[in-house]
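Architecture and fold: a report
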Amino acid sequence: MGEEKISSENVEKTDEEQIVLPQTEATKVFTVEILHMIKEAQQQHGLRHGDYQRYRGYCTRRIRRLRKALAFPQGDKRHFKRRDVTLAQVTGKRADERFIHIPLISAERSWSYAMQLKQESNTEPRKRFHLINKLRKACIYALQLQELCNSDAFDARTKLECEAYVAWMHGTLHFELQLWKTAGEQLKRAQVVYENLAKALPDDEQELYRAKVNEFTPNLRYCAYNISGGRAAGANMDDLLEFRAQGLLENLDDLVNQTKTESSEGLQTIDWRGRKVTVRPEKVRLFLLSAQELDKSLEKTSKIVGKIELIERTLMDCKDAIQAVKEEIKQDPKLRSLTTGQTVSGVQYLLAYLSYIRHSRTLQRNLCLVDQAKSNFDDPNQKSQIGAGEGKRVRPQDLTRLYEIILQNVTEMQQITGMEEDQNYQLEVENLALTFKAFRCYYIALTLVDMKKWKEAVALYERSSKYASEALKGKTNGDFQLDNDLKKLISTIDSCKFSAHAYSVLEEDNKDDPIFTSKSQKSTKSLFERLSQYKEDQSLHTKNPNVFKMVPEMEAIPCKPLFFDLALNYVEFPSLEDKLQSPGKKGISGFVKGFLGWGGNK
């Protein structure tokens with residue numbers, strides 16, 4: 001009876017306030033995620049450790065800050081004048097969503113005080129009276145919140161959350177008053193609303209509501225137990241489910257459907273590999289819309305160059321979208337904490353989806369480059385294709401390099417964060433890697449054919465055929481259908497393999513012939529000197545054919561020998577002292593010196 005008086009008084013007060021509202025102002029529509037807001041505040045301010053006093057102090061400071069920021073005080077420093085939030089503050093041009101937080105935080109403050117008293121009532125039973133009064137006050141604020149949310153200023157999701165919150169608060173009060181039947185009805189009402197609200201929301205937002213639903217189960221079972229007097233608890237639980245058919249939640253389905261519509265318009269969701277992902281950033285939503293139109297544009301474009309330009313433009317937009325998601329994670333600390341958990345969160349899954357788009361479109365661009373290169377490919381096994389396209393001729397080495405880049409891209413697809421545990425995805429990517437390994441081995445074999453390495457070419461042909469057969473048996477990726485190309489590759493390998501094997505046998509037969517060298521079978525003799533031997537010599541079709549040598553070859557001749565006189569060191573020559581002039585004898589020179597007076601001994 002007490003609760004009916006509370007409800008009627010508040011309704012009458014609201015009716016009086018609605019009379020003075022201006023009807024010409026355009027109302028804004030707000031979305032308030034009540035459960036998300038209060039759960040986040042509770043986890044950050046004490047309730048993670050069961051500290052209700054700390055949470056109550058936070059609520060008090062929060063209300064003071066809200067009233068100061070909104071210029072909505074209750075009197076001045078000397079006099080107190082109560083001011084409750086009315087519809088005038090949440091409608092009209094000056095409407096502010098933060099006004100709705102005042103009754104919500106006030107209800108949370110009273111509820112946290114009641115839970116604090118409940119802990120203390122174990123040793124002080126008198127505090128139960130104070131506990132009941134605080135829960136009644138919390139219900140009053142919850143009813144004020146519901147009256148505001150039932151207006152046109154709030155969307156269907158806010159109305160549903162507010163209805164569940166009020167039912168939970170009244171169920172908590174009746175549970176403490178031991179009114180088991182009404183407590184069970186109110187708690188079951190909140191449980192049903194949260195269940196339907198979770199079904200209407202994306203997957204990444206359902207976990208919070210399902211956890212809240214599970215919180216009601218012990219209290220509901222206890223209520224059913226007391227209603228039945230300890231017997232047939234399960235049967236009374238079924239009876240409680242019938243309150244929905246009695247009109248207690250008559251507008252539930254309409255509100256759920258309206259919430260689904262608003263959710264798809266305001267927050268676009270994408271379905272990838274059986275999971276729904278919410279897209280919040282505007283840049284990401286615009287990119288996904290443009291990416292959906294890319295396949296249609298590619299079908300209309302006939303030239304490969306045009307397709308490559310379209311894909312590269314999309315890749316630039318994809319890079320910006322990935323950066324936008326990363327910036328959102330950096331700015332929101334809650335999202336940053338979700339990315340570090342063991343389970344893949346919605347934001348991380350969205351980032352993985354964008355990374356997959358980037359890698360798959362890069363792979364598609366590289367396949368277009370391969371098609372462009374094949375139009376100018378100089379196939380050594382099919383001479384008629386030489387010069388089929390316009391532009392520079394492409395060698396097997398060039399195509400091998402392209403497939404190396406493609407395989408590196410496939411490896412990056414396999415290492416996308418968040419997709420390591422998806423077995424189906426990993427099998428698809430591995431099968432895609434086998435497909436491109438088959439093509440790479442084929443073009444490596446063509447390179448070896450051009451180098452006249454027949455045995456190595458046969459081995460590469462065998463490996464390419466093995467990869468192609470395994471890829472056809474594996475699980476294919478829906479975005480890349482390459483089965484027809486693999487079948488065509490296998491048939492081509494069968495013919496090339498026998499040709500290379502024949503050349504290898506011919507090389508074994510002619511390895512002793514001096515005309516053929518051991519490495520390349522190229523002859524150094526001119527055509528005039530080997531007329532009796534048949535050999536395909538491509539140099540005969542060039543500007544300088546090796547037909548006949550006009551200048552004779554230089555021949556080796558013996559050179560003049562060099563002698564080294566080693567015996568000279570051991571020869572002894574005779575003495576010549578007797579033939580040398582003695583110092584005592586004078587010759588004609590001495591006579592002249594004495595005659596002229598200058599010489600001789602003095």
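What you see is a predicted model, and the numbers here were worked out from it, not measured in a lab.

1. Structural notes on unusual backbone geometry
- Positive phi outside glycine occurs at Q178, with the angle close to 65°.
- When you line up the elements, Q178 lands in the loop between α7 (156-176) and α8 (180-200).
- According to the relative accessible area criterion, Q178 is exposed, its value standing at 52%.
- Backbone geometry places K452, a non-glycine residue, at a positive phi of 65°.
- Turning to its location among the elements, K452 is positioned in the loop between α18 (423-450) and α19 (454-473).
- Accessibility expressed as a relative area gives 39% for K452, which makes it partly exposed.

2. Notes on α19
- Between the first and last C-alpha of α19 there are 29 Å, a value that for 20 residues agrees with the 28 Å anticipated at 1.5 Å per step.
- Listed as buried for α19 are W454, A457, V458, L460, Y461, S464, S465, Y467, A468 and A471.

3. Examining helix α2 (residues 34-44)
- The set of residues buried in α2 consists of I34, L35, I38, K39, A41 and Q42. In an axial view of α2, the angular spread of the buried residues amounts to 165°, which keeps them on one side of the axis.
- Looking one or two residues beyond α2, the residue adopting positive phi is G46, at roughly 110°.

4. A closer look at the side chain of S360
- Tracing the backbone shows S360 in helix α16 (residues 346-374).
- Residues contacting S360, with those up to four places away along its chain left out, are M413 and F480.

5. Here's the deal with the nonpolar core
- Counting 66 residues, the largest nonpolar core has L288, L354, F436 and Y461 as the members making the most contacts within it.
- A total of 14 residues in this core trace back to one element, the largest contributor, which is α18.
- Sequence-distant contacts of L354, defined by excluding residues within four places in its chain, comprise V284, F287, L288, C318, A321, I322 and V325.
- One finds V90, W168, L187 and V193 within the second-largest nonpolar core, a separate group that totals 62 residues.

6. Overview of the packing of aromatic side chains
- Taken as a whole and assessed by the stated rule, the structure comprises 19 aromatic pairs.
- Measuring from ring centre to ring centre gives 5.7 Å for Y165 and W168, while their planes differ by 50°; the resulting arrangement is tilted. Here Y165 pairs with W168, and both are found in helix α7, just three residues apart, close to one helical turn.
- We classify Y165 as buried; its relative accessible area is 1%.

7. Considerations on the confidence of the model for the protein chain
- Of all residues in the protein chain, 77% attain a pLDDT of 70 or more, and the chain-wide mean is 77.
- Counted against residues more than four places away or in other chains, residues 383-389, with its pLDDT under 50, gives eight contacts.
- Low pLDDT, under 50, characterises residues 514-521; the predicted model gives this stretch 13 contacts beyond four residues in sequence or across chains.

8. What to know about the pattern of salt bridges
- A full pass over the atoms with the stated rule returns 16 salt bridges.
- Of the charged contacts, one joins R82 and D84 as a salt bridge, the two residues approaching to 3.1 Å between their closest N and O atoms.
- Close ionic contact of E462 with K497 constitutes a salt bridge, the shortest N to O distance being 3.3 Å. Of this pair, E462 sits in helix α19 while K497 sits in helix α20 (residues 483-509), placing them 35 residues apart in sequence.
- Accessibility expressed as a relative area gives 41% for E462, which makes it partly exposed.
- Judged by relative accessible area, which is 16%, K497 ranks as buried.
- Bridged by salt links that share partners, the residues E33, R157, E161 and E205 form one connected network.

Cut-offs used in this document
- Residues numbered from 1 in each chain as written.
- Predicted model: local features only at pLDDT ≥ 70, side-chain atom pairs only at ≥ 80, totals over all residues.
- Heavy atoms only, no water.
- Helix = DSSP H or I, 4+ residues; strand = E, 2+ residues; numbered from the N terminus.
- Buried < 20%, exposed > 50% of the residue type's maximum accessible area, 1.4 Å probe, protein only.
- Expected span 1.5 Å × (residues − 1).
- Arc of directions from axis to C-beta.
- Contact = heavy atoms within 4.5 Å.
- Core = buried A, V, L, I, M, F, W, Y, C linked by side-chain atoms within 4.5 Å.
- Phe/Tyr/Trp six-rings, centres within 6.5 Å; stacked < 30°, edge-to-face > 60°.
- pLDDT = per-residue confidence, 0-100.
- Salt bridge = Lys/Arg side-chain N within 4 Å of Asp/Glu carboxyl O.

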